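# Survey of secondary and tertiary structure
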Protein chains: 2
Amino acid sequence: MDSIYSSSSSSSKGKNIITDALSNCFYCKSETTTIKNGWQLYGGDLALLCESCCSAYEDGSFCSRFHKRENGWRDCALCGKMLHCGCIISLKDIVLMDFGGICCMDCGNKYLIRVRI
Amino acid sequence: MDSIYSSSSSSSKGKNIITDALSNCFYCKSETTTIKNGWQLYGGDLALLCESCCSAYEDGSFCSRFHKRENGWRDCALCGKMLHCGCIISLKDIVLMDFGGICCMDCGNKYLIRVRI
């Protein structure tokens, strides 16, 4: 049986899971012994990703790297940044606005979060 | 002070709120004495809508009526139906798929819900 060690991070986000055996990245299928937690899947588990896919997921560059030609792109209503909508991978980077449209998390944190206070 | 009567529905979805005074629909601003609960706003409250806007919201035709020229449209990966992504109003009609992309609720109920059992 594989032994599995977790990093000391208390959050599941980007947490390292190091195994003795090779695992496949959920997205790109590359083999790795260091896998990380990514987005939450429909069934509730987290996608287990290689370092490269997880890094792109965490820094918000995943869709601009891998989904450039897909449809669903919208611009942030406040700064114009393009974001990939209708995509589980960019979900964490998007705020849905009350009258329709979206804004990015940076603009959301600056202008919108105060309504929750 | 206005008196407010609620319908007998136990769910907040589409619930009638009848007031003595005229209210404005959250979206189209038309005046009405019969307003209904719509989508959940960023601050947690529900958008209060006129009958026409609420009907379009509930039957999933809102975005095809009012957001036709906006970007963010994607096709259901299973049946090809076009859905408006990155929009708070169509959120209830969309399932995000594990590898990216979306499907409509009809296809989601047919093919995906079983993973939750």
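Calculation rules
Residues numbered from 1 in each chain as written. Chains lettered and ligands numbered in written order. Predicted model: local features only at pLDDT ≥ 70, side-chain atom pairs only at ≥ 80, totals over all residues. Heavy atoms only, no water. UniProt positions renumbered as here; feature names shortened; annotations may be inferred. Helix = DSSP H or I, 4+ residues; strand = E, 2+ residues; numbered from the N terminus. Least-squares fit on C-alpha atoms with pLDDT ≥ 70 in both. Contact = heavy atoms within 4.5 Å. Phe/Tyr/Trp six-rings, centres within 6.5 Å; stacked < 30°, edge-to-face > 60°. Buried < 20%, exposed > 50% of the residue type's maximum accessible area, 1.4 Å probe, protein only. Lys NZ or Arg CZ within 6 Å of the ring centre and 35° of its normal. Pairing = 2+ DSSP bridges. Arc of directions from axis to C-beta. Buried area = accessible area lost by both parts, 1.4 Å probe. Salt bridge = Lys/Arg side-chain N within 4 Å of Asp/Glu carboxyl O. Nonpolar A, V, L, I, M, F, W, Y, C, P; charged D, E, K, R; others polar.

What follows deals with the UniProt feature "domain: VAL1-3 N-terminal zinc finger" (unreviewed entry) in chain A. Here the UniProt-annotated "domain: VAL1-3 N-terminal zinc finger" (unreviewed entry) positions come out as residues 66-110 of chain A. Across residues 66-110 of chain A, the secondary structure splits into 16% helix and 27% strand, with the terminal C-alpha atoms separated by 28 Å.

Turning our attention to the relation of the copies chain B and chain A. Between chain B and chain A, the superposition needs a rotation of 180 degrees and an axial shift of 0.0 Å, giving an RMSD of 0.0 Å. The superposition operator between the copies reduces to a two-fold rotation axis. Taking C-alpha positions as reference, the residue of chain B nearest the rotation axis is B:G72, located at 2.1 Å. Here 100% of the interface residues in chain B have copies in chain A that are interface residues too; the copies meet face to matching face.

A few words on the packing of aromatic side chains. Applying the stated criterion across every chain, the model contains 16 aromatic pairs over all chains. Plain terms: the ring middles of A:F26 and B:F99 are 4.3 Å apart, the flat faces sit at 10 degrees to each other, and that makes the pair stacked. Remark: B:F99 occurs in the loop between β7 (94-96) and β8 (102-104) and A:F26 occurs in the loop between β2 (16-24) and β3 (31-40); the pair is interchain, linking two chains. With a relative accessible area of 19%, A:F26 lands in the buried category. Taking 4.7 Å as the distance between ring centres and 55 degrees as the angle between the ring planes, the aromatic pair formed by B:F62 and B:F66 counts as tilted. Pair noted here: B:F62 and B:F66 are both in helix α2 (residues 62-66), with a separation of four residues, about one helical turn. Residue class for B:F62 comes out buried when judged on its relative accessible area of 1%. The class of B:F66 is partly exposed, set by a relative accessible area of 35%. These aromatic residues form a ring-pair network of at least three members: A:F26, A:Y27, A:W39, A:Y57, A:F62, A:F66 and B:F99. We note A:K92 situated over the ring of A:Y57; from NZ or CZ to the ring centre the distance is 4.9 Å.

Along strand β3 (residues 31-40) of chain B, seven of the ten residues are buried, which leaves the element largely enclosed by surrounding structure. Hairpin geometry of β3(B) and strand β4 (residues 46-49) of chain B is characterised by an intervening segment of five residues between the two adjacent antiparallel strands and by a positive phi of about 110 degrees at B:G44.

What follows is about helix α3 (residues 105-112) of chain B. All names here are of chain B. Considered for burial, the residues of α3 that qualify are C107, G108 and L112. Each buried residue of α3 lies within a common arc of 105 degrees when the element is viewed along its axis, so the set occupies one face. Among the exposed residues of α3, those pointing more than 90 degrees away from its buried face are D106 and K110. The elements touched by buried residues of α3 are β7 and β8.

Every contact between the two is made by 33 residues of chain B and, on the other side, 33 residues of chain A. Carbon and sulfur atoms supply 57% of the area that chain B and chain A bury against each other, a total of about 2,700 Å² over both sides. The largest per-residue losses of area from chain B upon contact with chain A belong to B:Y42, B:D98 and B:F99, which jointly make up 31% of the total buried on that side. Along the contact surface separating chain B from chain A lie two salt bridges. One salt bridge in this structure joins A:E70 and B:R74, with 2.6 Å as the shortest N-O distance. Mapped by element, the contributors of at least two residues to the side of chain B that touches chain A are β5 (73-75) and β7 of chain B. Broken down by element, the side of chain B that touches chain A gets its largest block of residues, three residues, from β5(B). When the residues that make up the side of chain B that touches chain A are grouped by side-chain class, the tally is 19 nonpolar, eight polar and six charged.

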